[in-house]
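Understanding the architecture of this molecule
Spelled out, the chains give:
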Amino acid sequence: MSKMIEKKKIKGLLKEAVKQWHTYVPQKHIGGDVLIAPLPEEAKELEAALDNISLADDDLVISPKDIFFPQLETMFKFKKGEIAETVESSPKLLFGIKSCDLKGILFADEFFKRDFEDAYYLSRANERLIVVIGCINPPRPGACFCTSAKTGPFAEKGFDLQLVDNGESYFVETGSEKGEEFVAKYSGFFQDESGDAEKAVNSIKAKAEKAVELKIEFQKALDLMANDDFIPEEKYKRIGERCVYCGACVYTCPTCTCFNVFDNAKGDEGTRVRIWDACIFEGYTREASGHNPRNQKWLMACRRYEHKLKYDKAKTNMSGCVGCGRCLASCPVDIGMSKFVQEITEDKKIM
Amino acid sequence: MSLKHVLTTCIYCGCGCGLYLTENDGVLTGAYPSVKHPVSKGSLCVKGWNSHEFVNHMDRLTHPLIREKGSFRKATWEEAIALIAKRFKGFMKESGSDSLAFLSSAKTTNEENFLMMKLARAVFKTNNIDHCARLCHASTVAGLAATFGSGAMTNSINEFEEADCFFITGSDTTAQHPLIGSRIINSVLNRSAKLIIADPRKIELSKYATVNLRQKNGTDVAWINGMMHVIIKEGLEDKEYIKERTEGYEQLQELVKKYTPEYVEALTTIPKEDLIKAARIYATTKKAMIVYAMGITQHTTGVDNVKSLANLAMLTGHVGFPSAGVNPLRGQNNVQGACDLGALSNVYSGYQSVTDENSRLKFEKAWNVNGLPGNVGLTVTEIISALGEGKVRGLYIMGENPMISDPDQNHVRKCLEKAEFLVVQDIFMTDTAVFADVILPGASFAEKDGTFTNTERRCERVRKAVNPPGEAKADWEILCEVARAGGYTGMSYKHPSEIMEEIRTLTPIYGGMSYERLDPYGLQWPCPTLEHPGTPYLHKDKFSKGKGTFMPRPFLEPKEPTDEEFNFILSTGRIYWHWHTRTLTERTSTLEREAPAPYVEIHPEDAAELGIRNKEKVRVISRRGQIEIQALITEKVVRKSCFIPFHYREAAANVLTINAVDPIAKIPEYKVCAVKVEKI
C-alpha cells in the first residue's frame, strides 16, 4: 500500500529530522528569493526558519550541487609545515529538490569518483537522503526543458523518496531502502493511501509534463554532436561573441564541477582552497608560456557545449545537460543550452 | 555546522546588484545573485560572483598599527585613537582647522560617509573633505546640476530594457557596468534598438553599433556641438520642449553655428557623414538614452563635456521621460551615496552648500556645534599637494588608495613621503597605507550593516554576514571613537539605522528612507517623505531647477596635446576583471588569473613602425615619469594612441598621467596626456 503525507505535517517531520540530519530545505528570504540551506538546530531559530520554508516550484538560483561542492571550499589548513585536513562529513537530508537537480547530483557523484576519488566531495556526499518534490509548474518558465532532456518534471529513479503534489497532501513514492526506512522511522507523519493512488499520480505527472512549455530537439542535438556532424562555425561564433564572461552558466549548472585551487596564505600559515572555475574563461586553458589553444572567444564558449553534449555523453552515457534551464535564466545576455540546441537542430537563427 | 545566506548589495560597480553571501561557520563560501532584485534579476558579472573571496584573505589588517622607528608595531585601539586625536587637535591649535584633511570612501556605506563629513566638519571644523568622486564624476555633479538642477543619472537601469536608442560615449559599459552593458546588448540584438557609440577606443559594444564615431581623444565638445549644429540645421530640434522647458537656447544656436560637419571632422577625425547619421538617429528617436562615464568626465574640459551632452538632450527633448535622459554611470558601488551624503568639499548631505548660511545654521543646530566653516574646502588632488607642501599637516584617509588612483604618481609619492601625520583606515595594507603613521583596520562590506546608493539613485541595504577579522571594526564605529576622542559627544550610535535616522532629518532627498522602508530592495531618491514611493526617473514635467538651462561651450584643446617628441596620446581606464587599485581583485583568484599583468594597447601599424612584437616589453614615457610594460598589439586603439589599465602597481599608468584639472570640477585629465613609446 502506498503512502501519503499531509502538507501540514511537513514542518513537524522536518523538526524531527533535524535531530538526526543536517536538513537542507528551500527557504524564502525577504523579497521572495528562495535558496536551499540547512535548518538551524537551535529551537527558536528553527521555528523561524520553518516559517520560511518553501516547497512550491521555486527557482533555486543555484543547484544543490553546492551542498557537496561549495563554491569556495577549504581543503586543508597549514601552519609551519603541519597540515590539517578539513574534510566535512555529516548526515544530510535534502528535502524538496527537483528531479533535474537530482540528475545533476548523480552526475557529479559519478564524476568525483571516476578517475580518482575526490575525498572532499565524497565525504560530504557520503551519508545522505534525497527527497525529491516533482515540479507541477516549471520553476523557470521558458527556460526549463526537462521533458526534452528526459530528466523531469518527475524523477524515475535515483531518489530515496519522491513527493507528488496532490493539493493538500503529497503522494509518497519510495525509490530506495533508505527511503523506506525513513518512512518507517517517521511513520507517525505518513499515512496509508486508500484510493487509486497510481491513477491519480499518473494524471498529476501527465499534467505537469504538459506545463513545461519549452520543447526542444534535445536527442537530435546529442546525435548531431555524437556523430561529429558539422556544426557551422558561425553559430558558435555568434553565441561566443555575445558572451560577456560572467561565468553564470557554469556556476549555476548542476553538472559543472570544475574548480581552481589556490593558497590563501601569509608567511607559512594559511589554507588551501578550491573555488568554482569556468571553462568560458580565457585563463582556464592559458598555458604557462602565455599560449592558449582556445584563444578566441567563440572557442571558449563552444567548449562548454561540446563538453556537455558530446564528451560527457560519450564517456558516461549520460548527457552533461539536465535541462534545468539555469544557464539561460542566469545569463545576462540570454544565451543558454536550449537556444544552442535550437540553433543547431532547427536550422534557424534563435539568438 | 552553520550555513546561512545573507542578502546584501555588491561591493563593486554602481549597478548595485542584489546578491547573497553564503556564510559557513564564520567563513564566506559563496556569492549568488538575487533573482527578484530589480537590477541583478538572477545574474551577476564575474566580479559579483566572486565578491566573497577577498573577505577571507589572510592579508586582512587585523590590528591597529602605529609607525615607530620606521616600521609598524601592533597597537591597541585606545592608543591608536588617542594618538590621532592628540595630533589632530595639536595641528588644529597650531595651524588652524584647515591644516587637517579627510578623504572619505565610495567603497564604504552612506552612513560612514555621512559620519566622515560630520567628523571633518563638526569635530575638526574643516571642509577639507573629499573622495574619489572627484576623480570620476565631479564633472557630472557640477555640469548636470548647472543645466538640469540635479547631478545624477536621470533614468533607472530597467528603463534600458525599453529604450530604442542608446548613445554611449566614454563608457566601456560591458566592462564597467556589466549588467547595464548586457541590457544594451539584449536591446540591440533582441529588439533592434539603435546604438551610437562615440569612443576613440573600440569597445566590446562597438561590434553592435549602428554608428561608430571614433573621435580623437579630448575633442568631445567639438563633436557634440557638431551634432547639435546638424540637428538645428535639419530642423530636428524639439521646438516646443525648448520653448516650454528650457532657457538660453539663443546662445546655443549662436555658438554651434560654426561647428559644421566639415569643421568638426577637421578637429575630431570623425567623418562628417557619420556625424550627420548619428545626429539624425539620436534626434528622431524618442526613447533615446545618453550613457556616459569617464571618457566624458576625466578631462580638463570635463564640465564642458557634460554640459554639452545636457544641451544635446534638451535640444531634442530627450529628458524627463522613461527611457529618455542623460545617464552618467557611477563607477563605485557607493560613489553616488558618498556624494549624496556630503563627502565633498563644498556641500553637506543632499548637496546643501557649505557657503549657504542657512544650511550651516541647520547643521550647527542639529549637530549641536558652533562655527561650522563656510569656506569651500580642498579637493582630492589639492589635498595631496597641500600635504606635500606642509599646508595640510594631518590627513585621514578612509578606504582610498591615492598612491595608485591619483594622477602623477611620482608627485603623489613625494607628497605622501612628506606627510607630517597620515592616518589610513582600510582592510588591506595598500600602497598608500605603507606611508601611514597610524593604520586602522576597517570592516569589509560583508562585515557590517549599512546602505549603498547605486547609479540609479537606489539606496539599498548592506547586511552583515560575518564578523570582521581580529580586532577590525566597522568604519562607522571607528569614526565615532575618533570623534569622542576629539572631544565631541554628538557621535554615538548603536546601529547604522540610527545614523540613517539622522541623515533622513537633515537630507531632504533621503527624507523617506528609513531602514524599514529600504527592505527588500531599496528606494530611489528623491524620496522626501515616509510616504513617498521614490523616483525612478528625474525631471518629469519640469527640471529640478525649474527651467533647464542651455550652457553652450566652445571647444578647447586638452592640456597636453601631442608634439613631435611625445607623439602618442595616452588614455587610461578600467578593465572588466579588475577593480580600481586592485586591492580586492588581486586577492580574488579567478579575477587575478584572468588579468595577471599590466599592458599597453598599441595599434599594429605603430607597433610595426617601432619594431615592437606582441607581448614584448616596451617603455612608455611621459614628462612626469616612465614605466616598462608589456605591449598588447590591437586595433582597439587608433594610430598614435595607447591605452593602459590603471590597476597595476607593477606598471602604474598614473606614473605617466598629468594632474591638470578641470577648473570647476577639479577632476584630473586621465584621458589625455602625451607620451612616447620606446622599444627596449
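These numbers come from a predicted model, not from an experiment. (Residues numbered from 1 in each chain as written. Chains lettered and ligands numbered in written order. Predicted model: local features only at pLDDT ≥ 70, side-chain atom pairs only at ≥ 80, totals over all residues. Heavy atoms only, no water.)

Some points on the overall build of chain B
Where we set the bar: Helix and strand definitions follow DSSP, with helices as H or I runs of at least four residues and strands as E runs of at least two, each counted in order from the N terminus. Here the radius of gyration uses the C-alpha set of atoms, whereas the globule reference equals 2.2 Å times the residue count to the power 0.38. Accessibility here uses a 1.4 Å probe with only protein chains present; expressed as a share of the type maximum, an area under 20% marks a residue as buried, one over 50% as exposed, and anything in between as partly exposed. Contacts are assigned to residue pairs with any non-hydrogen atoms lying within 4.5 Å of each other. Each accessible area value is a Shrake-Rupley result obtained with a 1.4 Å probe; residue values ignore everything except the protein chains displayed when judging cover.
Within chain B one finds 24 helices and 28 strands. Against the globule reference of 26 Å for 680 residues, chain B gives a C-alpha radius of gyration of 24 Å, in line with a compact fold. Judged by the C-alpha coordinates and their principal axes, chain B covers about 70 × 65 × 55 Å. By residue count, 69% of the 680 residues in chain B fall in the buried class. Within chain B, contacts between residues separated by at least 24 positions form 73% of all contacts whose residues are at least 6 apart in sequence. When the accessible surface of chain B is totalled, it reaches about 21,300 Å², and 51% of it is carbon and sulfur.

Thoughts on the overall build of chain A
Applied cut-off: Under this rule, positive means Lys or Arg and negative means Asp or Glu; His and the chain ends count for nothing. Taken as the charge location is NZ of Lys, CZ of Arg, CG of Asp or CD of Glu.
What chain A contains, in helices and strands, is 14 helices and 12 strands. Taking 351 residues into account, the globule formula puts the C-alpha radius of gyration at 20 Å, and chain A, at 22 Å, falls close to it. Long-range pairs, those at least 24 residues apart, make up 72% of the contacts in chain A with a sequence separation of at least 6. Total accessible area computed for chain A in this model is approximately 15,300 Å², and 49% of it derives from carbon and sulfur atoms. The average position of the 51 basic charges and that of the 56 acidic charges among the side chains of chain A differ by 3 Å.

A short note on the environment of Val273 of chain A
For Val273 of chain A, the position within the fold is in strand S12 (residues 269-276). Once residues within four sequence positions are removed from consideration, Val273 of chain A is found in contact with Leu72, Glu73, Thr74, Met75, Asn260, Val261, Phe262 and Asn264 of chain A.

A closer look at the domain arrangement of chain A
Residue and element names in this part refer to chain A. Where we set the bar: How far each domain reaches was decided by an automatic or database domain assignment. Here the quantity called buried area is the accessible surface, traced with a 1.4 Å probe, that two parts lose on coming together, added over both. The rule for a salt bridge is simple: a side-chain nitrogen of Lys or Arg has to be within 4 Å of a carboxyl oxygen of Asp or Glu.
As far as domains go, chain A holds domain 1 (3-211) and domain 2 (218-346). Distance between the C-alpha centres of domain 1 and domain 2: 26 Å. At the interface, 40 residues of domain 1 touch 39 residues of domain 2. Counting the surface lost from both domain 1 and domain 2, the interface buries some 3,500 Å², and carbon and sulfur atoms represent 64% of this. If you sort the residues of domain 1 by the area they bury against domain 2, Phe78, Phe107 and Phe145 come out on top, with a joint share of 21%. One salt bridge connects Arg274 with Asp118, and the closest N-O pair in it is separated by 2.8 Å.

Observations concerning the packing of aromatic side chains
In plain terms, the rule: Only centres within 6.5 Å qualify two rings of Phe, Tyr or Trp (six-membered ring in Trp) as a pair; their planes then separate them into stacked at under 30 degrees, edge-to-face at over 60, and tilted for everything else. The rule is short: NZ of Lys or CZ of Arg within 6 Å of the ring centre and within 35 degrees of the ring normal puts a charge over the ring.
As enumerated under the stated definition, the model contains 41 aromatic pairs over all chains in all. Between Phe69 of chain A and Phe259 of chain A, the aromatic rings sit 6.2 Å apart at their centres with planes inclined by 65°, giving edge-to-face as the arrangement. With a gap of 190 residues between them, Phe69 of chain A in the loop between helix H3 (65-68) and strand S4 (72-79) and Phe259 of chain A in strand S11 (residues 259-266) connect regions that are remote in the sequence. Given a relative accessible area of 1%, Phe69 of chain A falls into the buried group. Where Phe69 of chain A meets Trp276 of chain A, the ring centres are 6.2 Å apart and the plane angle is 40°; that geometry is what we call tilted. Placement of Phe69 of chain A in the loop between H3 and S4 and of Trp276 of chain A in strand S12 is noted, with a sequence separation of 207 residues between them. Directly above the aromatic system of Phe543 of chain B lies the positively charged group of Arg245 of chain B, at a separation of 5.1 Å from the ring centroid.

Focus on the domain arrangement of chain B
All names here are of chain B. Cut-off, in case you're wondering: Between N or O atoms, a polar contact is any pair within 3.5 Å; within protein, one atom must be a potential hydrogen donor and the other a potential acceptor, and residues adjacent in sequence are included only when both atoms are from side chains.
Domains assigned within chain B are domain 1 (3-56), domain 2 (65-135 + 333-455 + 470-524), domain 3 (154-329) and domain 4 (568-679). Summarising the inter-unit geometry, the C-alpha centres of domain 1 and domain 4 are found 30 Å apart. Taken together, the 9 residues of domain 1 in the interface contact 12 residues of domain 4. Counting the surface lost from both domain 1 and domain 4, the interface buries some 970 Å², and carbon and sulfur atoms represent 66% of this. On the domain 1 side of the contact with domain 4, Tyr12, Val46 and Lys47 bury the most area, a combined 51% of that side's loss. On the surface where domain 1 and domain 4 come into contact, there are 0 salt bridges. Along the contact surface separating domain 1 from domain 4 lie 3 residue pairs in polar contact (both at pLDDT 80 or more).

Here we look at helix H19 (residues 409-418) of chain B
Residue and element names in this part refer to chain B. Which entries qualify depends on this criterion: By construction, the arc corresponds to the directions joining the helix axis to the C-beta atoms.
For H19, the set of buried residues is Gln409, Val412, Cys415 and Leu416. In a view along the axis of H19, the buried residues occupy a sector of 125°, so they form one face of it. Exposed side of H19, more than 90 degrees from the buried face: Lys414, Glu417 and Lys418 are the residues found there. Residues of H19 that are buried make contact with helix H17 (380-389), helix H18 (402-405) and strand S17 (421-426).

Let's talk about the state of the cysteines
Test applied: Two cysteine sulfurs form a disulfide in these notes if their separation is within 2.5 Å.
Counted by the stated rule, this structure contains 0 disulfides over all chains. Of all cysteine sulfurs in the structure, the one in Cys246 of chain A sits closest to Cys331 of chain A, which takes part in no disulfide; the separation is 5.9 Å. Here Cys132 of chain B is not cross-linked by a disulfide; its sulfur's nearest cysteine counterpart is in Cys136 of chain B, at 5.4 Å.

Brief notes about the sheet that holds S11 of chain A
Residue and element names in this part refer to chain A. To be explicit about the condition: Between any two strands, pairing holds if DSSP finds at least two bridges. Axis angles are defined between N-to-C directions and span 0 to 180 degrees, where every axis is a line fitted to C-alpha atoms and, for a helix, only to the segment in contact.
Pairing is antiparallel across the open sheet formed by 4 strands, whose spatial order is S5-S4-S12-S11. Both edges of this open sheet fall to strand S5 (82-85) and S11, since each of them pairs with a single strand only. Each neighbouring strand pair of the sheet contributes to a mean axis angle of 25°, computed without reference to strand direction. Bridging between S4 and S5 involves 4 bridges; their strand directions are antiparallel. From the neighbouring strand, Phe78 faces S5, where its bridge partner is Ile83.

Remarks on the interface of chain B and chain A
Counting residues at the interface gives 49 residues for chain B and 50 residues for chain A. Both faces combined, the contact of chain B with chain A buries some 4,000 Å², and carbon together with sulfur accounts for 53% of it. One salt bridge connects Glu241 of chain A with Lys207 of chain B, and the closest N-O pair in it is separated by 2.8 Å.

Some words on the sheet that holds strand S13 (residues 325-328) of chain B
Residue and element names in this part refer to chain B. Across the sheet, which stays open at both edges, the 5 strands sit in the order S10-S9-S8-S12-S13 with parallel pairing between neighbours. Edge positions in the sheet fall to strand S10 (211-213) and S13, since each has one partner strand and no second. Sheet twist, expressed as the average angle between the axes of neighbouring strands with direction ignored, equals 15°. As paired elements, strand S8 (residues 165-169) and strand S9 (residues 194-198) share 5 bridges and run parallel to each other.

Some details on the packing of helix H3 (residues 110-123) of chain B against helix H20 (residues 475-485) of chain B
Residues and elements named next belong to chain B. Filter applied, for reference: In this scheme, roughly parallel covers angles under 35 degrees and roughly antiparallel covers those over 145, while 65 to 115 is roughly perpendicular and the rest are oblique. Two helices cross in a left-handed way if the nearer one is turned anticlockwise from the farther one by less than a right angle. They cross in a right-handed way if the turn is clockwise. Each residue receives one of three labels: charged for Asp, Glu, Lys and Arg, nonpolar for Ala, Val, Leu, Ile, Met, Phe, Trp, Tyr, Cys and Pro, and polar for the others, Gly being one of them.
At a minimum axis separation of 9 Å, H3 and H20 run at an interaxial angle of 10°. Judged by the inter-axis angle, H3 sits roughly parallel to H20. Crossing angle aside, the handedness with which H3 passes H20 is left-handed. Here Glu112, Leu115, Met116, Leu119 and Val123 of H3 come into contact with H20, specifically with Asp475, Trp476, Leu479, Cys480, Val482 and Ala483. Looking at the contact of H3 with H20, its residues break down into 9 nonpolar, no polar and 2 charged.

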